[in-house]
Each structure stands twice: as C-alpha cells, then as structure tokens.
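A structural walkthrough
Residues per chain, in single letters:
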Amino acid sequence: MSALEGEWVPRTKLGKLVAEGKIRSIDEILRLGVPIKEPEIVDTLLPGLKEEIIEVRRVQRQTDAGELTQLRIVVAVGDGMDYVGVGKGKGKEFRDALFDAVRDAKLNIVKVRKGCGSLECMCGRPHSIPARVIGKSGSVRVTLMPAPRGLGLVANEVAKVVLSLGGIKDIRVFSRGETRNRMNYAYAVHDALRRLLLMNLPTDWREVRVRSTEASHL
Ligand SMILES: [Zn+2]
C-alpha cells in the first residue's frame, strides 16, 4: 500500500473499467474468462467475502543465508451463496502469509453452478449441483455428485469449507489419492467447480432452443 492507504489505483485495464463503474458485475468478467490480476476488482464487485483458513504449515526453504522458515497458509474465500475461491500465501509472519493467501484466493474466484442433478430428488431447485464432476490437484482426485435435498454436505472437512462458502447445501464427495493433503484437496474441489462451470449440460440446451425460437421471430 502506498501513502494513500485504502485508495485503489488500478493497474490493469480491467481494474480501470471496474473502478470507473463501467463493469458492475463479477459475472461479466467470469463469463469473458478474463484473468483477474487485482484483488480490489473482487473487493469492489463482491464486497464482504468470508475467509476460512484451511491449513497453516511451517515450510523450510534453503537460501544462501541458510535455512529460511516461513508459514504457508491456504484459505478459501466466498460469499456463502454463489462464489468461492481458494488460494495460498507465504510469509515470515502469520499476518503476511494470510494477506497473501486471501489475495490469491480472490484472484481465482469461481461462480458455483447450482442445480438439482439428483435423480433421487429432481426438485429443480438450486440446492446442489446439476451434474457429476471431477476435479484434480496433485494426487488428489475428487468427484462431486448431486445429492437430494436435506442430505447436507457428505464430504470431508476441507471440502465442506469450500462447498459451503460457495453456497452448496447438498452434495456427495468421493475422493482418492493423498487425501490428507489439505491444500491439494481444497484445490481439487475448486478445480471441480471450475470445470462444472465450463460443462455443456442438457439444461443448457433448453436455453439455446428458447433463444433460437426467439431469434426466428426477428
Ligand atoms: Zn433437488
């Protein structure tokens, strides 16, 4: 931060558009797939995100001056409804590592695609996810499965943190690999949510059909 603490001076074109109020919704950015390079963009468009610490670890690094001990923190940020990000940061002090991690998590925020893809439920409400999806990070591989209403989050603690920050109410998570690695687990769940957003689903076809009918009147 400069002398003007708290005042954001955007460094990117996207940042300028947000600061000038020309882009008012995070969805516009996520839809275009433009990388977010300034966390202030997310602070402006999604104020008041909640933060949850997933892991704090002491890591050692060899430098010319000897061994350097740092903290590595993994966090998830989200609004508890539609958006969630996972990030990591390092620092000598807890505060610096956390600041870094939150910043990183904001830069890779995703929109959580909701729906009811559960054949046991079929209520059509956005309490779960619309389809099965797989995510990976390191050796961890997770499968997110749609679940019926009222089931809750049938998942380990790390997945619960990420999924509940993203507003999912009911889901089943299966996993394999080095599942005790909390960092990779969190990133694998995040990866699954990112893939889910890119999936072409049967429910999208209906929208396309409606749009093409509308277009035929033109
Ligand atoms: Zn349902």
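Use the structure listed above.
To start, this report covers the structure provided alongside it. The shown structure was predicted, so the numbers you read here are calculated from the model rather than taken from an experiment. (Residues numbered from 1 in each chain as written. Predicted model: local features only at pLDDT ≥ 70, side-chain atom pairs only at ≥ 80, totals over all residues.)

Okay, the overall build of the protein chain next. Broken down by element type, the protein chain carries seven helices and eight strands. The buried share among the 218 residues of the protein chain stands at 33%. (Helix = DSSP H or I, 4+ residues; strand = E, 2+ residues; numbered from the N terminus. Buried ≥ 20, exposed ≤ 12 C-beta atoms within 10 Å, placed from the backbone.)

Interhelical geometry of helix 5 (residues 157-165) versus helix 6 (residues 182-198) gives an angle of 40 degrees and a closest axis separation of 9 Å. Taken together, the axis directions place helix 5 and helix 6 in an arrangement best described as oblique. When you trace helix 5 past helix 6, the crossing you get is right-handed. Of the residues in helix 6, those touching helix 5 at V158, A159, V162 and L163 are R182, Y185, A186, V189 and H190. Looking at side-chain class alone, the contact of helix 5 with helix 6 contains seven nonpolar, one polar and one charged residues. (Axes fitted to C-alpha atoms, helices over the stretch in contact; angles between N-to-C directions. Parallel < 35°, antiparallel > 145°, perpendicular 65-115°, else oblique. Left-handed = near helix turned anticlockwise from the far one by under 90°. Contact = placed C-beta atoms within 7 Å. Nonpolar A, V, L, I, M, F, W, Y, C, P; charged D, E, K, R; others polar.)

With that settled, consider the nonpolar core. As a rule of thumb, soluble globular proteins bury nonpolar side chains together. Residues A76, V162, A186 and V189 are the most contacted members of the largest nonpolar core, which totals 49 residues. Among the secondary structure elements, those contributing two or more residues to this core are helix 3 (39-45), strand 2 (66-78), strand 3 (83-91), helix 4 (94-107), strand 6 (140-146), helix 5, strand 8 (171-176) and helix 6. Take this core: its biggest share by element is eight residues, from helix 6. Counting residues domain by domain, this core receives three or more from each of domain 1 (9-47) and domain 2 (133-202). Setting aside residues up to four positions removed in sequence, A76 forms contacts with E52, I54, V84, G85, V86, A105, V161, V162, L165 and A186. (Core = buried A, V, L, I, M, F, W, Y, C linked by C-beta atoms within 7 Å. Domains from an automatic or database assignment.)

Turning to the pairing of strand 1 (residues 50-63), a few remarks are in order. The buried count for strand 1 comes to one of 14 residues, which makes it a mostly uncovered element. When strand 1 meets strand 2, the two strands line up antiparallel, connected through 13 bridges. Counted as the bridge partner of E52 is A76 from strand 2. As consecutive antiparallel partners, strand 1 and strand 2 are separated by two residues. (Pairing = 2+ DSSP bridges.)

A sheet is described by the order of its strands in space; here four strands give the open sequence 5-6-8-7, paired in mixed fashion. Strand pairing shows two members of the sheet lacking a second neighbour, strand 5 (133-137) and strand 7 (153-154), which therefore form its edges. Bridging between strand 5 and strand 6 involves five bridges; their strand directions are antiparallel. Its bridge partner lying in strand 6, G135 is registered against V142.

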